[in-house]
Amino acid sequence: MFKNKKLILMATLLVFAMFSVVGCGGDTGEETGDQAAQSVKDKFDGKIIGIDPGAGIMKATDTTIEEYGLDYELVEGSGATMTATLKQAIDNNEWVVVTGWAPHWMFARYDLKFLEDPKGTYGEAETINTIVRLGLKEDLPEVYEVCANFAWDSGQIGSAMGIAEDVGDDVLAARQWVEKNTDLVNSWLPEGYDAAVTVDSPTKETVTLLYVEWACARAETHVMADVLQNIMGYQVELLPVSAAAMYEGLANGEGDAIFTAWLPFTHGDYMEQVGDRVEDLGPSYEDAKIGLVVPAYVEINSIEELNN
Ligand code: PBE
């Protein structure tokens, strides 16, 4: 009796196993051109993971979807939701495509690649510029000077972003970074200041810095806020806003400086709107880049292949 039951069970399992093998084989056999094309999109769940709608990279991605004829949804979010989605996909070894940019700490933390962009819808390499309000030079000459001198390379901004990501507090991270980089900071400071010497409490005029909560902008702005406040003694007001409000606020004189103008491409439209009401102090960083970014294990290399 017992033996019989065991036999029936084994036979049933065998039949199931045979069916599932046949089933799988059938599926693979039928996976011709069309279905394989579906599968790239399916692997990405038909989604491109975006950030805040005002970012230049979102507009460039709309153009990209149109120019390459991509049947994908661009998901809005923020820099933080984008990196969270990226992390989750990597933890699960799944395909994911995000709107990404360099400089960004994600390239140090994960093995990633930009998808090639043969149509050039994400522009060429560009610079990150510092822009100030009209009249800053006359009103606060030292502030103007340190803003004009501010410049760093990919290792330096990369370490500032990395500390912020590890510490989880932009203000503390900027203080730590400045303490470790006094030679570079001294090269930005006006006469009479020393990056190794901090003030007890800032008593000079208030300087208002506008920024958007993109990882790179947070690092740029908090490092400059730290320099202005703790080394130069200015009171600093930090205002995180949308990209549009950042440019409008600067043009209206509600803010004194921004450190995250990506030019000539990513913020070209914004600069066209406010260009004659602000002063461009030039690059703090060369070789910035935007595009679509995937984990290195994703088996496509070009935006065109999203359609395959
Ligand atoms: N970013 C980071 C911004 C500029 C700085 C690439 C996300 C943008 O797309 O507007």
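Since this is a predicted model, take the numbers as computed values, not measurements.

## Observations concerning the site of the ligand
Phase 1: All residues adjacent to the ligand are Ile51, Ala55, Gly56, Ile57, Trp101, Trp214, Cys216, Thr260, Trp262, Thr266, His267 and Ile290.
Phase 2: Gly56 places a main-chain nitrogen or oxygen 2.7 Å from an oxygen atom of the ligand.
Phase 3: Take Ile57: an N or O atom from its main chain is 2.8 Å from an oxygen atom of the ligand.
Phase 4: Considering the ligand on its own, with 280 Å² of exposed area, one finds that the protein chains cover 100% of that surface.
Phase 5: Put simply, the parts of the chain that give the shell around the ligand at least two residues each are α3 (56–67) and β8 (257–263).
Phase 6: For the shell around the ligand, the residue count by class is eight nonpolar, four polar and no charged.
Phase 7: Each of domain 1 (27–123 + 292–307) and domain 2 (126–288) gives at least three residues to the shell around the ligand.

## Details of a negative patch on the surface
Phase 1: Taken together, the side chains of Asp62, Glu66, Glu67 and Glu76 define an acidic patch exposed on the protein surface.
Phase 2: Of the residues examined, Glu67 reaches a relative accessible area of 46% and is grouped as partly exposed.

## Digging into the packing of aromatic side chains
Phase 1: Counted according to the given criterion, the structure contains ten aromatic pairs.
Phase 2: Seen from their ring centres, Phe44 and Tyr72 are 6.5 Å apart, and the 55° between their planes marks the pair as tilted. Here Phe44, found in the loop between α2 (33–43) and β1 (47–49), pairs with Tyr72, found in the loop between α3 and β2 (73–75); they are 28 residues apart in sequence, far enough to count as distant.
Phase 3: Under the relative-accessibility criterion, Tyr72 is labelled buried at 9%.
Phase 4: An angle of 10° between the planes, with centres 5.2 Å apart, marks the rings of Tyr247 and Tyr270 as stacked. Taken together, the residues Tyr247 in helix α12 (residues 243–251) and Tyr270 in helix α13 (residues 268–274) connect sequence positions 23 residues apart.
Phase 5: Note on Tyr247: relative accessible area 2%, which makes it buried.
Phase 6: Pairwise contacts between aromatic rings join Phe150, Trp152, Trp177, Trp188 and Phe259 into one cluster.

## Quick look at the pairing of strand β6 (residues 204–211)
Phase 1: Two strands pair when backbone bridges link them, and β6 and strand β7 (residues 234–240) are joined in this way by seven bridges, in the parallel orientation. Each bridged residue has a counterpart across the sheet, and for Tyr211 the counterpart in β7 is Pro240.
Phase 2: Once you follow β6 into helix α11 (residues 215–231) and on to β7, the crossover reads as right-handed.

## Section: the environment of Pro202
Phase 1: Here Pro202 shows up in the loop between α10 (182–188) and β6.
Phase 2: In this structure the C-alpha to C-alpha distance between Pro202 and Gly233, which are 31 residues apart in sequence, comes to 4.1 Å.
Phase 3: Apart from the residues lying within four places of it in its own chain, the contact partners of Pro202 are Gln229, Gly233, Tyr234 and Gln235.

## A word on the confidence of the model for the protein chain
Phase 1: On average, residues of the protein chain score 91 in pLDDT, and 88% of them reach the 70 mark or higher.
Phase 2: Counted against residues more than four places away or in other chains, residues 13–36, with its pLDDT under 50, gives three contacts.

## Some remarks on the side chain of Thr130
Phase 1: In this fold, Thr130 is placed in strand β5 (residues 126–133).
Phase 2: With residues near it in sequence (within four places) discarded, Thr130 still touches Cys147, Phe150, Ile258, Phe259, Glu279, Asp280, Leu281, Gly282 and Ser284.

## Examining the side chain of Thr64
Phase 1: For Thr64, the position within the fold is in helix α3.
Phase 2: Residues in contact with Thr64, not counting those within four places in the same chain, are Gly69, Leu70, Thr121, Tyr122 and Ile303.

## With respect to the packing of helix α8 (residues 154–167) against α11
Phase 1: One can describe the packing of α8 onto α11 by two numbers: an axis separation of 9 Å at closest approach and a directional angle of 100°. Taken together, the axis directions place α8 and α11 in an arrangement best described as roughly perpendicular. In this structure, α8 contributes Ile157, Ala160, Met161 and Ala164 to the contact, and α11 contributes Ala215, Cys216, Arg218, Ala219, Glu220 and Val223.
Phase 2: By residue class, the composition of the contact of α8 with α11 is eight nonpolar, no polar and two charged.

## Describing the packing of helix α9 (residues 170–180) against α11
Phase 1: α11 packs onto α9 with a crossing angle of 70° between their chain directions and a minimal axis gap of 8 Å. Taken together, the axis directions place α9 and α11 in an arrangement best described as roughly perpendicular. Of the two possible hands of crossing, α9 and α11 adopt the one that is right-handed. Here Asp170, Val171, Ala174, Arg175, Trp177 and Val178 of α9 come into contact with α11, specifically with Arg218, His222, Val223, Asp226, Val227, Asn230 and Ile231.
Phase 2: In the contact of α9 with α11, the residues fall into seven nonpolar, two polar and four charged.

The rules we used
Here the residue numbers are simple positions, counted from 1 along each chain's written sequence. Owing to the predicted nature of the model, reporting of local features is limited to residues with pLDDT of at least 70; listing and counting of side-chain atom pairs is limited to 80 or more, with chain, interface and lining totals taken over all residues. Hydrogens and waters are ignored; side-chain quantities use all the structure's heavy atoms. Distances are taken per atom, and a residue is near a molecule or strand as soon as one of its heavy atoms is within 4 Å of it. Any N or O atom pair separated by 3.5 Å or less is treated as a polar contact, with the protein-specific requirement of one donor-capable and one acceptor-capable atom, and with residues adjacent in sequence counted only for side-chain atom pairs. Each accessible area is a Shrake-Rupley result for a 1.4 Å probe, and residues are judged covered by the shown protein chains and nothing else. Numbering goes from the N terminus for both helices and strands, where a helix is a DSSP run of H or I of at least four residues and a strand is a run of E of at least two. Each residue is assigned to one class: nonpolar for Ala, Val, Leu, Ile, Met, Phe, Trp, Tyr, Cys and Pro, charged for Asp, Glu, Lys and Arg, and polar for all the others, Gly among them. Where each domain starts and ends comes from a domain assignment, either automatic or drawn from a database. Only residues whose relative accessible area exceeds 30% and that take part in no salt bridge are eligible for patches, with like-charged residues grouped when within 9 Å of each other and nonpolar side chains (Val, Leu, Ile, Met, Phe, Trp, Tyr) grouped when within 5 Å. By salt bridge we mean one thing: a side-chain nitrogen of Lys or Arg within 4 Å of a carboxyl oxygen of Asp or Glu. In this tally Asp and Glu are treated as negative and Lys and Arg as positive; neither His nor the chain ends contributes. By convention, the point assigned to a charge is CZ for Arg, NZ for Lys, CD for Glu and CG for Asp. The buried label applies to any residue whose accessible area, calculated with a 1.4 Å probe on protein chains only, is under 20% of its type's maximum; exposed applies above 50%, and partly exposed to all values in between. Pairing of aromatic rings covers Phe, Tyr and Trp, the last through its six-membered ring, and needs centres within 6.5 Å; plane angles under 30 degrees mean stacked, over 60 mean edge-to-face, and all others mean tilted. One bridge is not enough; two strands pair if DSSP finds at least two bridges between them. Assignment of crossover handedness uses the view with strands pointing away from the viewer, where a clockwise path from the first strand over the helix to the second indicates a right-handed crossover. Residue contacts follow a heavy-atom distance rule, with two residues in contact if any of their heavy atoms lie within 4.5 Å. Confidence scores labelled pLDDT are given residue by residue by the predictor and lie between 0 and 100. Every axis corresponds to a line fitted to the C-alpha atoms, with the helix fit spanning only the stretch in contact, and the corresponding angles, defined between N-to-C directions, vary from 0 to 180 degrees. Oblique is the label for any angle not under 35 degrees, not over 145, and not in the 65 to 115 range, which are roughly parallel, roughly antiparallel and roughly perpendicular in turn. Working rule for handedness: look at the near helix, and if it is turned counterclockwise from the far one by less than a right angle, call the crossing left-handed; if clockwise, right-handed.

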